Amino acid sequence: MFESLSKIQSALKEKSISCCELVEYHLQRAGEHQNINAFLEVYAEEAIASAKRIDKKISKNEVGKLAGLGLGVKDNICYKDHRMQAGSKILDGFISQISATTIARVLEEDAIIIGRQNCDEFAMGSSSENPHFGHVKNFHDLERVAGGSSGGSASAVAADMCLASFGSDTGGSVRQPAAFCGVVGLKPTYSRVSRYGLVAYGSSFDTIGPITKCVEDAALLLEVMAGQDKNDATSSSRSVPSFSKSLNNFNTNWKIGFVSDTLNHSLISPEVKNAVFGVLKWLEGNSFAVSEAFFPLLEYIPPTYYILSAAEASTNLARYDGIRYGLRTENPENLEALYKKTRAEGFGDKVKRRIMLGNFVLSSSYYDTYFTKAQKVRRLIKGETEKLLSQYDFLVLPTTPTTAFKADKFDENNVVEAYLADLFTVQASVSGVPAISIPVGKDSNGLPIGLQIMSKHFEEEKLLSFAYFIEQNFTKKA
Amino acid sequence: MHSARGSSFTDFQLVVGLEVHIQLNCKGKLFSSDKNIFGCEPNTNVSALNIAHPGTLPIVNQKAIDSIVLLGIACKSEINKLCFFDRKSYFYPDSPKGFQITQDNEPFCKGGILNIKVSKNKRDVKLTKMHLEEDAGKSIHDKSSKDTYVDLNRAGTPLIELVTEPEIHSSEEAKAFVQELRRLVQFINISDGNMEEGSMRCDANVSVRRKGSTELGIKVEIKNLNSTRNLQRAIDGEFKRQVEEVLKGNEIISETRDYRADSNTSVSLRTKETLDEYRYFPDPDLPFIQLTEADIKVLKEKLILLPWELETKLLNKFSLSKESVQFLSQDIEIAQFFLKACEMSCNYQKMANWLMGAIQKWLNKEGTSLLSSNLTPKKLAFVVDAIEDKKVSYTTAANELLPKLMTDNQFDITQAFASDNEEDKFDFNRIKKDIHIIFEQYSDKVLQYKKGKKGLLGFFMGQIMKMSGKGKDPKEINILLEEELKNL
């Protein structure tokens, strides 16, 4: 199968393949690998109809930038007139009346949407073990999780069910499953990409990000998705460079800091550690200045992240009340019962836990102890991260402490342990800086290992060039 | 609790603080472009955002920000240069998101004053703050015995909440405050101020204390005051209730009471023993709003005159009657129309009379407004001057010219007198001439009249009406006749 959109587009040009054939291939893969449980729904007829329309456009030579790109969409991103339920029972039967800005923009460039993808309920989790729709399996080992929360999106790309996916990343939900599934996951700078049409979880962290087979496709998708949106007041007015055109602009004067607090962490597996050191050594060998960067606040990031994201989530999820759409409990005796029973039946345990946590940290007796303090610590973490990024062009660290873990590893008895699966990804989320996870090898079980790179706010251009350099010269040659 | 023995109503002071919600007349809602109109079919002015669909995001309406800053400038409030919106969480079916977007810590306006007048006394009432928030929808309980219906048309409507300091001491003062505030918001055109339709809603925090005491008593919040009359009656009733409780030796309970206008009573809705748990925090979907000196200056320039400044000007510079002053200082657009006309004619009072009388009557009849008519200040000045110069009678002007002026923008008033037929053109002079012809004809009767036989007026009227009064207003002729008789 093709490894990048540019290869597909050359083939389309030479007429050695058509969009219809591509879509049929993805649909066939999705059918063959139904056991992975990556898609909640495929839009087979629509996708083929779109492919036919685009094939006609190709023959007239008036085709968009993303022609030939079959896109999977995480089930928390709105696509007008299609079902969307954030992997939750509480949105049973809900049909979007809007399309996310990112969806509208890629459709404008002739991407074809293959279907909506399974994930952790309301994007809360790191394993895509969905209580209503079942677990997403890792393409590389069906006993293992695909990561989360965009697990369906990452596993689908790994299995060729689509060429790319839209995931969402609040605390690592694009990067972590990308690492587990051996694909590329990009979390753009917060505000770089419109959140309009994305189901809100932690609004001050949420970003839509592409999951792709290669850095080049991530760059291309980002340049289409990004940019100011009148429907999202927090979207940035920064101009959007043509990321895909500047991938070769790497510079060996770039300074690289490796976050030793992550590499020396007790939770890290030796194989992941070795893989990352392997890359660092190779970079040194390629005359990059690589040195140790310290981030002593590492331990404070997950609690800060969980307090603030849960606080935001507790209000963001208040709208799911059974009044206007989605699930409504049958025959409630009164209004209060309608709320309580609908929400009790509709939300899974993980979601309930975070709503309760959010309500707790915002309650007047604990507000200052938790919420106010977490806001202060967030500013501190952001400041320290920016300080480090003024000394280094990039910070390099593992995306995850381990490779994909076995399903059912975490239950209500080890909630905090499960939260630490995000340990290395939350720094970029809390600080709002862009970060990418790229595959850099496999462990002895054949499970992919992801390398994470962070850069300064809005420096995706540099970030992508650097990731591309490693992908082309290290990963592919290793 | 000190002894109530021997005390009476006159020993107590009433203390009231008001919370007024002012619905803004912006075209859109506070965070979406859905229509902000009263009286539509239920759930017609709602978009995906208004029914809180997942994925939708609020975008603040700049007009609403301008409105609150205008009101803040008019009330000499401190304008907050860095504001943000907060989420206030509570579950209710007419609150679709499960939280209201409002302002808790950083409102747009802090402090300020509004000057009120009760009988002849003027005083400033201090304001605590003003903030922007979105209105809720409406729950309708009386459509069915079993179900509650929800209409979300009103959800998201922009509101200013204005809070006063607890320093209003009579129901008359409370009424005067609300009336003055209503006049101000109408005058600066940020709200229609209509209390019946709920564009202005008022809650009163009422407490009592012994005269001379500076401590505040336990306050009771009275909700649902939808007219100044109800506000006044509710405050008077609550004062009486609280004093009676104190005189009986009872404690006042901190509570919220609902005013019922039909019975002029209030009933307890809930006590405030438990702390309200609204879990306010800054809304992450809305960036901080920075106001610059330049932004504020632009808005200041819009407030050329405030109603009280205008009042002084109308009284002192144009010597208008009190009635006219009151009328003109209701609406900034009418006032500006008038001031413009005053640059073109010195017949100030007559122009004011026209605006209050014939023009207003016509506008009411046609159900339209001055600015949407074709009348211009210049045309008004021209007509009034023409009447004063006796080029046209008041009646002709009011009955024949006015409708044309109001409706026909092609109608050129300056040509009206020149091109009209002889009869109209020489209206006054001609009737005057006719009067003198009759005087000469009946010089004996004139003599009798001068000697005191005033009853002859009717005879002269009859003659003149016969001679030249066809189609003319007898009242006008009568005035002319009396004038000429006086001049004899």
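Figured I'd write up the structure that's included with this text.

Basis of the calculations
Residues numbered from 1 in each chain as written. Chains lettered and ligands numbered in written order. Predicted model: local features only at pLDDT ≥ 70, side-chain atom pairs only at ≥ 80, totals over all residues. Heavy atoms only, no water. Patch = residues over 30% accessible without salt bridge, like charges linked within 9 Å, V, L, I, M, F, W, Y side chains within 5 Å. Areas by Shrake-Rupley, 256 points an atom, 1.4 Å probe, with all protein chains shown as cover. Salt bridge = Lys/Arg side-chain N within 4 Å of Asp/Glu carboxyl O. Helix = DSSP H or I, 4+ residues; strand = E, 2+ residues; numbered from the N terminus. Phe/Tyr/Trp six-rings, centres within 6.5 Å; stacked < 30°, edge-to-face > 60°. Buried < 20%, exposed > 50% of the residue type's maximum accessible area, 1.4 Å probe, protein only. Axes fitted to C-alpha atoms, helices over the stretch in contact; angles between N-to-C directions. Parallel < 35°, antiparallel > 145°, perpendicular 65-115°, else oblique. Contact = heavy atoms within 4.5 Å. Nonpolar A, V, L, I, M, F, W, Y, C, P; charged D, E, K, R; others polar. Core = buried A, V, L, I, M, F, W, Y, C linked by side-chain atoms within 4.5 Å. Lys, Arg positive; Asp, Glu negative; His and termini not counted. Charge placed at Lys NZ, Arg CZ, Asp CG, Glu CD. Pairing = 2+ DSSP bridges.

Nonpolar side chains collect at one region of the surface, where Phe360(A), Tyr366(A) and Tyr370(A) lie side by side and expose about 260 Å² of accessible area between them. Along the chain, Phe360(A) falls in helix H12 (residues 349-362).

Residues and elements named next belong to chain A. Tallied over the entire structure, the rule returns 37 aromatic pairs over all chains. With a centroid separation of 4.9 Å and an interplanar angle of 45°, the aromatic rings of Phe122 and Tyr320 are classed as tilted. Here the residue Phe122 occupies a position in the loop between strand S3 (112-117) and strand S4 (129-130), and Tyr320 occupies one in the loop between helix H10 (301-316) and helix H11 (335-346), the gap between them amounting to 198 residues. Overall, the relative accessible area of 3% leaves Phe122 in the buried class. Considering the side-chain rings of Tyr320 and Tyr325, the 6.4 Å spacing of their centres and the 70° angle between planes classify their relative orientation as edge-to-face. Taken together, Phe250, Trp254, Trp282, Phe288, Phe394, Phe466, Phe469 and Phe474 form an aromatic cluster joined through their ring pairs.

Attention now goes to the packing of helix H9 (residues 270-285) of chain A against helix H16 (residues 460-475) of chain A. Think of two packed helices as two axes; the pair is described by the angle between the axes and how far apart they sit. Residues and elements named next belong to chain A. One way to put it is that H9 packs onto H16 with a least axis distance of 12 Å and a crossing angle of 95°. When the axes of H9 and H16 are compared, the pair comes out roughly perpendicular. Seen from H9, the contacting residues are Gly278, Val279, Trp282 and Leu283; seen from H16, they are Phe466, Phe469, Ile470, Asn473 and Phe474. Here the contact of H9 with H16 is composed, by residue class, of seven nonpolar, two polar and no charged.

This next bit is on the nonpolar core. Core analysis: the biggest nonpolar cluster contains 153 residues, and Phe122(A), Ile438(A), Ile453(A), Leu464(A), Phe466(A) and Ile470(A) have the highest contact counts within it. If we skip the residues at most four places from it in the chain, Leu464(A) touches Leu186(A), Val215(A), Ala218(A), Ala219(A), Leu222(A), Phe243(A), Leu247(A) and Ile436(A). If you look at the next biggest cluster of nonpolar residues, it comprises 111 residues, including Leu70(B), Phe177(B), Val325(B) and Phe327(B).

Turning our attention to a negative patch on the surface. Residues and elements named next belong to chain A. Together, Asp349, Asp408, Asp411 and Glu412 line one region of the surface with negative charge. Mapping Asp408 onto the fold places it in the loop between strand S13 (394-398) and helix H14 (415-419). A residue is classified by how much of its surface remains accessible, and Asp408, at 57% relative accessible area, is exposed.

Taken together, three strands build an open sheet; the order of strands is S5-S4-S16 (chain B) and the sheet is antiparallel. If you trace the sheet from one side to the other, it starts and ends with strand S5 (99-102) and strand S16 (281-282) of chain B, each paired once. Bridge count between strand S4 (residues 86-89) of chain B and S5(B): four bridges; the pairing is antiparallel. From the neighbouring strand, Arg87(B) faces S5(B), where its bridge partner is Ile101(B). Strands S4, S5 and S16 of chain B of the sheet are contacted by H10(A), whose axis makes an angle of about 60° with S4(B).

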